[in-house]
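# Observations on the three-dimensional arrangement
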Amino acid sequence: MQTAPKISLPFFLASVALACFTLPVARAQQPDLPKDEYVKAHYTKYEYRIPMRDGKKLFTAVYVPKDASEPHPFLMDRTPYNVGPYGEDRYPEHLGPSDEFEKSGYIFVYQDVRGRWMSEGEFVEMRPHIDEKKSPQDVDDASDTYDTIEFLLKHVANNNGKVGIWGISYPGFYTSASMIDSHPALVAASPQAPMTDLFKGDDSYHGGAFMLSANFGFYAFFTPQTEPQMPHATIGFDFGTPDTYRFYLNAGNLNNLDKQYLRGGNWLFTDQVKHDTYDSYWKARDLSQHMKNIKCAVLVVGGWYDAEDLSGPYKTFYATSKFNPETPTTLVEGPWVHGGWARSMGDHLGDVTFNARTGEYFRSNIQFPFFEHYLKGRGAAQPKAVVFETGTNVWRTFPSWPPQAATPKTLYFHAGGKLSFEPPTEASSSDSYVSDPAHPVPFVGYTTDTVPQRYMVDDQRFASYRPDVLVYQSDILEEDVTIAGPISPKLRIASSGTDSDFDVKLIDVYPENYPDPEEGTGRPNKRILDAPPLHMGGYQQLLRGEPMRAKFRDSWEKPEALTPGKMTEVDFTMPDLFHTFRAGHRIMVQVQSSWFPLTDRNPQTFTDIPSAKPEQFVKATEQVFHQKDAASGVEVLVMPKP
């Protein structure tokens, strides 16, 4: 639910190259054709208000190919972000997930979900699924999709009786919901970056910490509506400064932020803040518990560097595979940001390059063949896992995920900032730092007014220089080390506070002689008048980072205070990764107690954090043990050597 995913409206994302015809020299060049010319020339648009079982009507735009030589399948996208342009004489620039679909013969369907824009009904944030529907009034997104498909099959001519559905982010959630007790005509579904469990790792909370900057930025413009309406221009929130670190620090606690700036006018944001434990509100919205009776083939798509819905694809894939073992289910993961596979080449992120056009590869070699196979009977099915291995930058396939060959090994912390697969032997050993909520560790090393998606691979050298960040680093690797699957920090800590966050970051450290992107002058040059040069030698590339709020160490439902000075275990799991640390690199782990304003500040006092008083935000001394009977480290799944 964060800024980047949901600003991306229905994903008309692939470009159509329109030719510019050059006439003989003596004649002028013709002007470019309108961008919607291809769609308008090849499709007829219809608009329906489709009745649901409870009588509410959902606005639906349908684009039917003018070529009636053969029946066509439906390809549907359900969204809360509007299906404009509205009006049967108005056409979008593109249709479908990518260019290949637009020219292959599909009936494209776009629907405003219940309670959004031109659709009737009440909008409910991630509307809970109803397993047992007892009356026509028991509606959810599974039933709305079912009723929509029933209508389309009966009222849209020249269809082949087969339906596919796809969506990214919030539309990914609607795609997942449509698969449950799926309509017999729904034969293929691709939930992409789906919101799945908002409290446990998707947009709202990570490790019990509130994803502050992204959620406030999103709900400043994503507001409730009370009746059908046409989309209207929105004005972005004025922070009054390009430095959101300073803005959020000055805003105080979360309730004050809501009251002072949103003026309590968006109950969607208020709900996020108010429900700060894993209560019934969140449990009802965990769609992974309901992924049953799925009969359609499933292609789950996610990005290794998705800043918004990183865990949703894994939870959806695992739940679908568990509850529906006979259903063809594939996981695809590439080196992408949120939705990056749909709108970019995927050849780099920030300063990190992947030496391949991964987005283009996905669109033409994975996504398009998937729908062609199940909706038109062409080609072959996809394997269980199609994943991009970063570090070596190659695509690989596996019959299961995580790969069965991967075995658990722990990267242990040692005295002197050492990191190795060997456990510590010291009888007594630890490191400590002072965490100050008045001076939290920033999540990027530069000024920003948003959550830049590139932060997921940004250089962490800025953080390693701070005294409130612990750094553990391996020796230079003599051979490649490949990890595949979830990452599990296992910390033994003590704090002088009654609550604290423990943010753990797994990092790939480049060799000191790693080449810069461009050739330099051959020697250091102090005459730098423009932007500073990028030096990749010693670059500390973030691979995975997650917070863990210590009060949730034993229960998400019933938080428990820390006993000051008492050693305790803080164990948690971070989302999957597939990465090779190359020979000559180092492996690094950083531990800190704030990551601001990516997450809200922990006052380090056991209290109701959204309403914490200024005097409750106190310094705390954090101690991390690395001794024989209290070893701290990070467990990873390591692939065998080839």
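Here the structure is shown first, and the text comes after it.
Quick caveat: nothing in here was measured; it's all calculated off a predicted structure.

So, on to the overall build of the protein chain. Within the protein chain, the regular secondary structure consists of 14 helices and 26 strands. The C-alpha atoms of the protein chain give a radius of gyration of 26 Å, which matches the 26 Å a tight globule of 642 residues would have. Along the first, second and third principal axes, the C-alpha set of the protein chain runs to 75 × 65 × 50 Å. A total of 642 residues make up the protein chain; the buried ones form 58% of that total. In the protein chain, once contacts between residues fewer than 6 apart in sequence are set aside, the share between residues at least 24 apart is 79%. Here the protein chain displays about 26,100 Å² of accessible surface, and carbon together with sulfur accounts for 51% of that area. Distance between charge centroids for the protein chain: 1 Å, based on 62 positive and 82 negative side chains.

With that settled, consider the packing of aromatic side chains. Applying the stated criterion across every chain yields a total of 66 aromatic pairs. Here the aromatic rings of F216 and F247 are separated by 6.1 Å at their centres, their planes lie at 40°, and the arrangement is tilted. With F216 in helix α6 (residues 212-219) and F247 in helix α7 (residues 244-251), the pair connects residues that are 31 residues apart, well separated along the chain. What makes F247 buried here is its relative accessible area of 6%. The residue whose ring lies beneath K103 is Y38, and the NZ or CZ to ring-centre distance is 5.4 Å.

In this section: the pattern of salt bridges. Evaluated as defined, the whole model comprises 25 salt bridges. The partner of E150 in a salt bridge is K154, with the nearest N and O atoms 3.9 Å apart. Linking E150 with K154, this pair stays in helix α4 (residues 141-155), spanning four residues, or about one helical turn. Salt-bridge contacts for D501 lead to R549; the nearest nitrogen and oxygen are separated by 2.8 Å. Of this pair, D501 sits in the loop between β19 (481-495) and β20 (503-509) while R549 sits in the loop between β21 (540-546) and β22 (568-571); the two residues are 48 residues apart in sequence, bridging distant segments of the chain. For the residue pair D501 and R549, the accessibility class agrees, reading buried in each case. What emerges from the salt-bridge pattern is a single network uniting D54, R114 and D144.

Quick look at the environment of V39 now. For V39, the location among the structural elements is in helix α2 (residues 37-42). In this structure V39 comes out as buried when scored by relative accessible area, which is 0%. With sequence-adjacent residues up to four places away left out, V39 is seen in contact with Y91, P92, E93, H94, L95 and E102.

What follows concerns the sheet that holds strand β13 (residues 385-389). Reading across the sheet, the ten strands line up as β1-β2-β4-β3-β5-β6-β9-β10-β13-β14 and stay open at both edges, with mixed pairing between neighbours. Every other strand in the sheet has two partners, leaving β1 (43-51) and β14 (394-398) as the edge strands with one partner each. The average undirected angle you get between the axes of adjacent strands in this sheet is 20°. Relative to β13, strand β10 (residues 329-334) is paired through three bridges, and the arrangement is parallel. Looking at β13, one finds that E333 is bridged to V387. Relative to the sheet, helix α13 (residues 358-376) contacts β3 (72-79), β5 (159-168), β6 (186-192), β9 (297-303), β10, β13 and β14, its axis offset from that of β6 by approximately 160°.

With that out of the way, let us pick up the nonpolar core. The nonpolar side chains of soluble globular proteins are, as a tendency, buried together. Membership of the largest hydrophobic core comes to 132 residues, with the highest contact counts inside it found for W304, W401, F413, Y455 and L506. Broken down by element, this core gets its largest block of residues, six residues, from β19. When sequence neighbours within four positions are dropped, the list of residues in contact with L506 reads L411, I483, I487, Q541, L542, L543, R544, L577, F581, I587, M588 and V589. Within the second largest apolar cluster, 35 residues are counted, among which are Y63, Y91, F362 and F368.

Quick look at the environment of Q137 now. When you line up the elements, Q137 lands in the loop between β4 (107-112) and α4. Put simply, Q137 and V301 are 164 residues apart on the chain and 33 Å apart in space, counted from C-alpha to C-alpha.

This next bit is on the pairing of strand β2 (residues 57-65). Most of β2 sits inside the fold, with eight of its nine residues counted as buried. As judged from the nine bridges shared by β1 and β2, these two strands associate in the antiparallel manner. If you follow Y46 over to β2, its bridge partner there is V62. Between β1 and β2, which pair antiparallel one after the other, the connecting turn spans five residues, and G55 there sits at a positive phi close to 95°. Pairing analysis gives four bridges linking β2 to β4, with the strands arranged antiparallel. Bridge assignment links Y63 to a residue of β4, and that residue is F108.

All right, on to unusual backbone geometry then. Going from G84 to P85, the amide bond is cis rather than trans, its omega being 5°. Its place among the elements puts P85 in the loop between β3 and α3 (99-102). With an omega of -5°, the peptide bond between F596 and P597 qualifies as cis. You will see that N82, though not glycine, has its phi angle at about 85°, which is positive. Summarising the element assignment, N82 is placed in the loop between β3 and α3. A positive phi angle is found at W117, which is not glycine, with a value near 55°. Relative to the assigned elements, W117 resides in the loop between β4 and α4.

Moving on, we come to helix α11 (residues 312-323). The terminal C-alpha atoms of α11, which comprises twelve residues, lie 16 Å apart, in line with the 16 Å expected from a rise of 1.5 Å per residue. In this fold, the buried residues of α11 make contact with α5 (170-179), β6, β9, β10, β21 and β23 (574-581).

Position of H585 relative to the elements: it lies in the loop between β23 and β24 (586-592). A polar atom in the side chain of H585 sits 2.8 Å from the side chain of D508. If near-sequence neighbours (up to four positions away) are discounted, H585 is found in contact with D475, I476, L477, D508, V509, Y510, P511 and Y514.

What follows is about α5. Extensive coverage of α5 is indicated by the burial of ten of its ten residues. Burial in α5 covers these residues: Y170, P171, G172, F173, Y174, T175, S176, A177, S178 and M179. Of the residues one or two after α5, D181 is the one with positive phi, at around 50°.

In contact at an axis separation of 9 Å, α7 and helix α8 (residues 254-262) are set at 105° when each is read in the N-to-C sense. In terms of axis orientation, α7 runs roughly perpendicular to α8. Where α7 abuts α8, its residues F247, Y248 and A251 lie against N256, L257 and Y261. In the contact of α7 with α8, the residues fall into five nonpolar, one polar and no charged.

Conventions and cut-offs
All chains use their own residue numbering, which begins from 1 and follows the written sequence. Where local features are concerned, this predicted model is filtered to residues with pLDDT of at least 70; where side-chain atom pairs are given and counted, the filter is 80 or more; whole-chain, interface and lining totals use all residues. Water and hydrogen atoms were dropped before computing side-chain values, which therefore reflect all heavy atoms in the structure. Labels follow the DSSP assignment, with helices taken as runs of H or I lasting at least four residues and strands as runs of E lasting at least two, numbered in each case from the N terminus. Atoms considered for the radius of gyration are the C-alpha atoms alone. The globule rule reads 2.2 Å times the number of residues to the power 0.38. The buried label applies to any residue whose accessible area, calculated with a 1.4 Å probe on protein chains only, is under 20% of its type's maximum; exposed applies above 50%, and partly exposed to all values in between. In what follows, a contact means two residues having at least one pair of non-hydrogen atoms within 4.5 Å. What sets the accessible areas is the Shrake-Rupley method with a 1.4 Å probe; for residues, cover comes only from the shown protein chains. In this tally, Asp and Glu contribute negative charge and Lys and Arg positive charge; neither His nor the terminal groups of the chain are included. By convention, the point assigned to a charge is CZ for Arg, NZ for Lys, CD for Glu and CG for Asp. Stacked, edge-to-face and tilted labels apply to pairs of Phe, Tyr and Trp rings (six-membered ring for Trp) whose centres lie within 6.5 Å, assigned for plane angles under 30 degrees, over 60, and everything in between, in that order. Charge-over-ring contacts are defined here by two conditions on Lys NZ or Arg CZ: a distance within 6 Å of the ring centre and an angle within 35 degrees of the ring normal. A pair is scored as a salt bridge if a Lys or Arg side-chain nitrogen falls within 4 Å of a carboxyl oxygen belonging to Asp or Glu. When DSSP finds at least two bridges between two strands, those strands are taken to pair. Geometry is summarised by axes, namely lines fitted to C-alpha atoms with helices restricted to the contacting stretch, and by angles between N-to-C directions that run from 0 to 180 degrees. Side-chain atoms within 4.5 Å are what join buried Ala, Val, Leu, Ile, Met, Phe, Trp, Tyr and Cys residues into a set we call a nonpolar core. Expected helix span is computed as 1.5 Å times (number of residues minus one). Pairing of N or O atoms within 3.5 Å defines a polar contact, subject to two protein rules: one partner must be a possible hydrogen donor and the other a possible acceptor, and residues neighboring in sequence count only if both atoms are side-chain atoms. By the definition adopted for this analysis, an angle is roughly parallel if under 35 degrees, roughly antiparallel if over 145, roughly perpendicular if from 65 to 115, and oblique otherwise. Gly counts as polar in this scheme, as do all residues outside two lists: the nonpolar Ala, Val, Leu, Ile, Met, Phe, Trp, Tyr, Cys and Pro, and the charged Asp, Glu, Lys and Arg.

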